[in-house]
Amino acid sequence: MNMMIRKTAFALFGAATLALSPVAAIAQDDPDMEQLAMLGTMFEVEPLTPEQEARLPMARGVVEKILPEGAMMEVMGSAFNGVLGPILEMTNEDEGAALQGALGYAPEELAIGEDASAEILKMIDPAWRERNQAISTMTQTMMSDMMTRMEPIMRNVMSELYAIHFTQEELVDIDGFFSTPSGLSYARQSYAMAGDPRIMAAMFSEPDLLFGSFAQMPAMMEEALADVPQMRSYAELSETDRARLMKLTGLSAEALEEAMQAAAETSAIGM
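These numbers were taken from a predicted model, which means no experiment stands behind them.

> Any chance you could explain the nonpolar core here in plain terms?
Generally speaking, a soluble globular protein has its nonpolar side chains buried in company with each other. Counting 40 residues, the largest nonpolar core has Met150, Met154, Met158, Tyr162 and Phe211 as the members making the most contacts within it. The element contributing the most residues to this core is helix α8 (residues 128-165), with 14 residues. Within the second largest apolar cluster, 19 residues are counted, among which are Ile112, Ile120, Leu248 and Leu256.

Here is the structure:
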């Protein structure tokens, strides 16, 4: 995998990640892909010149060699495992965040230690780690699917970019390898190409193909969590558990019930 494709994939991954929040909101509230297609109009793209069109077949052949089938998945997996993986692992093991999700209070707000936090979570939400892992796995699956769908679009747009930025002679040299003077030019141009607006324009040129699955996100989430026990409500706790929770947190029965109800509502919204 050469430097250009790796940087382009990471740039695309970053742009996609930034785009996911509004995209997911649009897809869940209104699956009309026209709203997503409109985002593509934000990026102005000049048509290819006749000279560039003439170089396009050669450029396409080069891109097919340096961006073979499955390449985007490979870089996506590397990015997820190398960058997001450790972050998600840390988040998945954040007992304080889990406690706040269960009670609506952070451990420091209740002035309780790790042992008390663990005991509280064991009573209210013993499956919190399993739930976090299920969500992480589903997220990676969705992003991998998106990269698989994006790959042919990327291959097409990169072919155009190669035809724009390199001469026919340079494309021939690059096709041979990157150790030639033309290969050095290729490396230099790669920085500009990675940030070209054509990439974002291409992302949103097929919104239904790439982002249509976000409309299915609630159903996918439900399926991913089907075998994970739900967080316990105040009503489901035994009198012994309630008494122990009140002792551990210093909250009254009424405050504990309200906190757990508020936390459950916030968790439902987040889903």
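> What is the right way to read the pattern of salt bridges from this model?
Pairing between side chains of opposite charge can happen when their charged atoms approach one another. Going through the model one piece at a time under the given rule, you end up with 8 salt bridges. For the salt bridge of Asp175 with Lys65, the shortest nitrogen-to-oxygen distance reads 3.0 Å. Of this pair, Asp175 sits in helix α9 (residues 168-176) while Lys65 is found in helix α3 (residues 50-66), placing the two residues 110 residues apart along the sequence. Taking the shortest distance from any N to any O, the salt bridge between Glu93 and Arg129 comes out at 2.7 Å. Of this pair, Glu93 sits in the loop between α4 (71-92) and α5 (95-103) while Arg129 sits in helix α8, placing them 36 residues apart in sequence. The class for Glu93 is partly exposed, based on a relative accessible area of 45%. Arg129 sits in the partly exposed class, given a relative accessible area of 38%. Among the charged side chains, a network of salt bridges with common partners joins Glu93, Glu95 and Arg129.

> I'm lost on α3 in this one. Help?
Note that an α-helix has 3.6 residues per turn; residues three or four places apart therefore point the same way. Spanning 17 residues, α3 covers 25 Å between terminal C-alpha atoms, matching the ideal 24 Å at 1.5 Å per step. Helix geometry: α3 is bent most strongly at Leu56, by close to 45 degrees, with proline Pro57 lying one to four residues after it.

> Would you mind showing me how to read unusual backbone geometry here?
A negative phi holds for most residues other than glycine; trans holds for most peptide bonds. The phi dihedral of Ala111 is positive, around 55 degrees, even though this residue is not glycine. Of the residues examined, Ala111 reaches a relative accessible area of 70% and is grouped as exposed.

> Can you help me understand the packing of α3 against α8 in this one?
Two packed helices can be described by the angle between their axes and the distance between those axes. Relative to each other, α3 and α8 sit at 125 degrees, their axes nearing to 7 Å. The angle between α3 and α8 falls in the class oblique. Like other packed secondary-structure pairs, α3 and α8 cross with a definite hand, here right-handed. Contacts between α3 and α8 pair Gln52, Arg55, Leu56, Ala59, Arg60, Val62, Val63, Glu64 and Ile66 from the former with Arg155, Asn156, Met158, Ser159, Glu160, Tyr162, Ala163 and Ile164 from the latter. Its residues assigned to classes, the contact of α3 with α8 shows 9 nonpolar, 3 polar and 5 charged.

> Would you explain the environment of Glu46 in this entry?
One can find Glu46 in the loop between α2 (34-40) and α3. Sequence separation between Glu46 and Arg198 is 152 residues, and the spatial gap between their C-alpha atoms is 9.1 Å.

> Hey, could you run me through the packing of α8 against helix α13 (residues 217-224) in this one?
The contact between α8 and α13 brings their axes to 10 Å, and the two run at 135 degrees. In terms of axis orientation, α8 runs oblique to α13. Between α8 and α13 lies a crossing of right-handed hand. Residues Ala134, Ile135, Met138 and Met142 of α8 pack against Met217, Met220, Met221 and Ala224 of α13. Taken together, the residues of the contact of α8 with α13 break down into 8 nonpolar, no polar and no charged.

Cut-offs used in this document
Residues numbered from 1 in each chain as written. Predicted model: local features only at pLDDT ≥ 70, side-chain atom pairs only at ≥ 80, totals over all residues. Heavy atoms only, no water. Core = buried A, V, L, I, M, F, W, Y, C linked by side-chain atoms within 4.5 Å. Buried < 20%, exposed > 50% of the residue type's maximum accessible area, 1.4 Å probe, protein only. Helix = DSSP H or I, 4+ residues; strand = E, 2+ residues; numbered from the N terminus. Salt bridge = Lys/Arg side-chain N within 4 Å of Asp/Glu carboxyl O. Expected span 1.5 Å × (residues − 1). Bend = angle between axes of the 7 residues up to and from the residue. Axes fitted to C-alpha atoms, helices over the stretch in contact; angles between N-to-C directions. Parallel < 35°, antiparallel > 145°, perpendicular 65-115°, else oblique. Left-handed = near helix turned anticlockwise from the far one by under 90°. Contact = heavy atoms within 4.5 Å. Nonpolar A, V, L, I, M, F, W, Y, C, P; charged D, E, K, R; others polar.

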